[in-house]
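Fold and geometry: a report
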Amino acid sequence: MSTCSVSKGCFVFKPSSKKRRVSQKTANDFTERKDDSEDTELRFVTCQSLWKQIRSETEQIQEDLNKQLFDNLVSFLRRSHSEFQEKTTKWTCRMKSREIPTAALVLGIKNLMQKLMGQLMNSYIDVDSLEDEDYVQVSQNRIRCSMTSLIKWYGSVTKQTALKRTDSETPSKKRASSSRQWQSPPVVVIFKDMESFTTKVLQDFIVISSQHIHELPLVLIFGIATSPMIIHSLLPHSVSSLLCIELFQSLSCKEHLSTIIDKLLLTAQFPFKLGEKVLQVLINIFLYHDFSVQNFVKGFQLCIVEHFYSQPLSVLCCQLVDAKKRVNSLSHGQCENIRRLPSFRRYVESQASEKQIALLTVDDYLKETAQKLLEDLYVYHENYVSVLRCLHVLTSSLPKYPLGKQIRELHCACLENQVWETEEYESSLQLARMLNKSDLVTMLQQCVEIFVSSSGKEFGKTVEKLKEFLTQFQKLEVAEASQEQDASASSQKELQKTTDLYHLQKTLLELKESRRSKKLSKFEMLRFEVVDYIDSLVRNYLVPADHKTLHEIVYFNTASILRGHLNAAPRIALHTALNNPYCYLKHQALKSDGGSISNKAPDICIVYKLHLECGRLINLVDWLEAFSTVVTAAEGPNADAVSSDQVDDVIHARFIRAVSELELLGFIKPSKQKTDHVARLTWGGC
């Protein structure tokens, strides 16, 4: 390729996405393993199909968010100049027409901004606009353009389009509706990156445009990556007062993450699941490092690949129908892999002796049992999600949120251990037993909706029980109202009868004691029943996943591998590279024992290992002599005396360069106490 650039430089030509081909290196790396396990190709295909489904789901979530934001923006454009289109001459409308309708798009994501702007710019191209494309292009390429010429251009374009629409014989319904709404379409000016725009030019443009807004219906769209307050910081009040600003903001990154977790993890649609520690690593990276949903999805993809790569039984991590078919075709070696699973060992130990022998020796009986256990595992996931949402409805409105405000926090707590044994759960139940009637009824209604929409088949009786609680609450409302009226009337009569001070005081004390020792009301007893019933659901269905048999097939729990890939540890990597260069260079000459220093190692590695043997201050002369001794260790005792000075100069230069590199990496620094010493900055094991 050639370029028209006169200056010298480096030009990057990215190939189009259509011409790219997926290389087979990934599949080869997946299948080439040391243990040569069976069904590696099937595992790779299953991994690919699962990731395609998850990727399409995440893209659909993003498209839905973009569509909602785009629809809101289009509706704003439609109603922005309604007075201009209706030719209204009211004084309030004329005063308002001095303000330029402005949409402030706070997205924070550059790619999302480009997609939305491109969709907006290509949304209203029809036959009329394509016919006038040459004329519009000429007007845009003028060297000098004033507001007067723009107004004339706008008037001529709208008149031509109106004439063409009226001359059309059988217009479609879509074009008829668009002609009614867009007789005088607004001129939209888009600033993709407002923060980097020249402030003076922007101010002059707004002031000039506001003076002609009644003739040229302008709409401004500001793309903002930081905060809406940037408008007021860039523009003075005299200019910002000429804008009628409406804020359009996408979901925050935390809400977007909650949506992703809800669609990918808290569902029975995808068989692959994350363990508590792995999920916590991904969430911590999101919350404390980058706030990037895209990186969270990439980390989720890494978990999928690592699970299918390291777990031979991940071939069964698919839909239940396919998993049962694959169980029937398992070989003897794969059956042995099932027998080696820790959860299956616990299951075998809990069975009778005859079943234990059959499970450990007969493959056919093992396959039948594995099918039942996989079916139980899938049913557990369906029930788990519904009860988890119900518990979240109960605990998300409690003060101080003992079990967390987000459902992901409650999910991690349930995966970690038996949640009903924690103090946070006990405090949540105590607070739930003090809820008022309206909150409790609202919570029950939401739980009924959750269980009705659930795919679990065991919640028919649960729905009936919750509806029964709702009817009892409705009956209590009338009964308690009449009882309170009767009780207040009787207490007033007793107080009226007692005229003596002694009897009055005695009656008040009796009332006080009766209030202290009174029995629970019907509402309080019913409230306790509701909370206890939900507690029983939690104990039955929110059992931690690691207590279920064969959970290793669908759950990825190796958090250390994920942390090693995603959490950067530069100091550990530097220490490993300098202390043991063979770990990265893979050169046989660099292999050495634990405490020895090889003279074949790079100079910086030799200097680093020597500085580990020193104290707080390092004498440069002694350090140079030790370095020279290690480097010249391979030379014989009869070295050439003539060339010894030259060798010393070379070694000295190598030493200076290695020490300078260590100083650049932050291991040492010059010392002010002694000029021929340097101070060591790192201590302890890395």
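Keep in mind the model is a prediction, meaning the values are calculated, not measured.

**Re the overall build of the protein**
When you go through the protein residue by residue, the secondary structure sums to 32 helices and 9 strands. Relative to its full complement of 686 residues, the protein shows a buried share of 37%. Here the contacts in the protein between residues at least 6 apart in sequence split such that 75% fall between residues at least 24 apart. As displayed, the protein has an accessible area near 41,700 Å², and 53% of this comes from carbon and sulfur atoms.

**Here we look at the sheet that holds strand β7 (residues 617-619)**
Here we have 3 strands laid out as an open sheet, ordered β7-β9-β8, and antiparallel in their pairing. Strands with a single pairing partner mark the edges of an open sheet, and in this sheet they are β7 and β8 (668-670). Sheet twist, expressed as the mean angle between neighbouring strand axes with direction ignored, is 35°. In this structure, β7 lies alongside strand β9 (residues 677-680), joined through 3 bridges in antiparallel fashion. Paired with Asn619 across the strands is His677, a residue of β9. Packing against the sheet, helix α31 (residues 620-631) makes contact with β7, β8 and β9, and its axis sits at approximately 60° to β7.

**A closer look at the packing of helix α20 (residues 363-395) against helix α26 (residues 522-541)**
Closest axis-to-axis distance for the α20/α26 pair is 10 Å, and the angle between their directions is 145°. When you trace α20 past α26, the crossing you get is left-handed. Residues Tyr380, Asn383, Tyr384, Val387, Leu391 and Leu394 of α20 touch α26, and the partners they reach there are Ile534, Leu537, Val538 and Tyr541. In terms of residue class, the contact of α20 with α26 is made up of 9 nonpolar, 1 polar and no charged.

**Points about the pattern of salt bridges**
Scanning all chains against the criterion turns up 11 salt bridges. Residue Asp204 is joined to Lys200 by a salt bridge in which the shortest nitrogen-to-oxygen separation is 3.8 Å. Of the two residues, Asp204 and Lys200 both sit in helix α10 (residues 199-211), 4 residues apart, roughly one turn of that helix. Across the pair Arg654 and Asp603 runs a salt bridge, and its minimum N-O distance is 2.8 Å. One end of the pair, Arg654, is in helix α32 (residues 644-665); the other, Asp603, is in helix α30 (residues 603-611), and 51 residues separate them in sequence. Residue classification places Asp603 among the buried residues on the basis of a relative accessible area of 14%. If you follow the salt bridges from partner to partner, you end up with Glu336, Arg339 and Asp363 in one network.

**Topic: helix α22 (residues 423-432)**
Turning to α22, its buried residues are Tyr425, Ser428, Leu429 and Ala432. Each buried residue of α22 lies within a common arc of 100° when the element is viewed along its axis, so the set occupies one face. Residues Glu423 and Gln430 are exposed on α22 and point more than 90 degrees away from its buried face. In the core, the buried residues of α22 are packed alongside α20 and α26.

**What about the packing of aromatic side chains?**
This model, assessed by the stated rule, comprises 15 aromatic pairs. Judged by centre distance (6.3 Å) and plane angle (70°), the ring pair of Phe191 and Phe205 falls under edge-to-face. Of this pair, Phe191 sits in strand β2 (residues 187-191) while Phe205 sits in helix α10, and the two are 14 residues apart along the sequence. A residue is classified by how much of its surface remains accessible, and Phe191, at 7% relative accessible area, is buried. What makes Phe205 partly exposed here is its relative accessible area of 28%. Centre to centre, the rings of Tyr608 and Phe667 are 5.1 Å apart; their planes meet at 70°, and the pair counts as edge-to-face. Here Tyr608 is found in helix α30, whereas its partner Phe667 is found in the loop between α32 and β8, with 59 residues between them in sequence. Phe667 carries the same exposure label as Tyr608, and that label is buried. A connected cluster of aromatic rings, assembled from ring pairs, spans Phe191, Phe197, Phe205 and Phe222.

**A closer look at the packing of helix α2 (residues 40-80) against helix α13 (residues 253-264)**
The N-to-C vectors of α2 and α13 enclose an angle of 140°; their axes lie 11 Å apart at closest approach. Here α2 lies oblique to α13, going by the angle between them. As α2 packs across α13, the resulting crossing turns out to be right-handed. Touching Ile54, Glu57, Thr58, Ile61, Gln62 and Leu65 of α2 are His256, Thr259, Ile260, Lys263 and Leu264, all from α13.

**A few points about the environment of Arg79**
Within the element layout of this structure, Arg79 appears in helix α2. Reaching out from Arg79, the side chain makes a polar contact with the side chain of Glu246 at a distance of 2.8 Å.

**Here we look at the side chain of Ser258**
Here Ser258 shows up in helix α13. Ignoring sequence-local partners within four residues, the contact set of Ser258 consists of Gln406 and Arg408.

**So, the side chain of Arg680**
Mapped onto the elements, Arg680 comes out in strand β9. It is Glu613 that comes nearest to the buried, bridge-free Arg680 among opposite-charge side chains, at 9.4 Å. Separated by 2.9 Å, the side chain of Arg680 and the backbone oxygen of Thr682 make a polar contact. In contact with Arg680, not counting residues within four places along its chain, are His611, Leu612, Cys614, Gly615, Arg616, Ile618, Phe667 and Ile668.

**So, the sheet that holds strand β3 (residues 218-224)**
Judged by pairing direction, the sheet is parallel, and its 4 strands sit side by side in the order β2-β3-β1-β4 without closing on themselves. Only two strands of the sheet have a single neighbouring strand rather than two, namely β2 and β4 (243-249). The mean inter-strand angle of the sheet, taken between neighbouring strand axes irrespective of direction, is 20°. As judged from the 5 bridges shared by β2 and β3, these two strands associate in the parallel manner. Note on β3: the bridge partner recorded for Val187 is Leu218. Across the sheet, α10 lies against β1 (100-106), β2, β3 and β4, angled at about 155° from β3, the strand it touches most.

**Describing a nonpolar patch on the surface**
On the surface, Leu520, Met525 and Phe528 cluster together into a nonpolar patch covering about 280 Å² of accessible area. Along the chain, Phe528 falls in helix α26. Overall, the relative accessible area of 31% leaves Phe528 in the partly exposed class.

**Overview of unusual backbone geometry**
The phi torsion at Phe291 lies on the positive side, around 55°, for a residue other than glycine. In this fold, Phe291 is placed in the loop between α14 (276-290) and α15 (293-310).

**Describing the environment of Arg539**
Among the structural elements, Arg539 can be located in helix α26. Taking the C-alpha atoms as reference, Arg539 lies 8.4 Å from Val419; in sequence the two are 120 residues apart.

Calculation criteria
Residues numbered from 1 in each chain as written. Predicted model: local features only at pLDDT ≥ 70, side-chain atom pairs only at ≥ 80, totals over all residues. Heavy atoms only, no water. Helix = DSSP H or I, 4+ residues; strand = E, 2+ residues; numbered from the N terminus. Buried < 20%, exposed > 50% of the residue type's maximum accessible area, 1.4 Å probe, protein only. Contact = heavy atoms within 4.5 Å. Areas by Shrake-Rupley, 256 points an atom, 1.4 Å probe, with all protein chains shown as cover. Pairing = 2+ DSSP bridges. Axes fitted to C-alpha atoms, helices over the stretch in contact; angles between N-to-C directions. Left-handed = near helix turned anticlockwise from the far one by under 90°. Nonpolar A, V, L, I, M, F, W, Y, C, P; charged D, E, K, R; others polar. Salt bridge = Lys/Arg side-chain N within 4 Å of Asp/Glu carboxyl O. Arc of directions from axis to C-beta. Phe/Tyr/Trp six-rings, centres within 6.5 Å; stacked < 30°, edge-to-face > 60°. Parallel < 35°, antiparallel > 145°, perpendicular 65-115°, else oblique. Polar contact = N/O pair within 3.5 Å; in protein donor to acceptor, adjacent residues only side chain to side chain. Lys, Arg positive; Asp, Glu negative; His and termini not counted. Patch = residues over 30% accessible without salt bridge, like charges linked within 9 Å, V, L, I, M, F, W, Y side chains within 5 Å.

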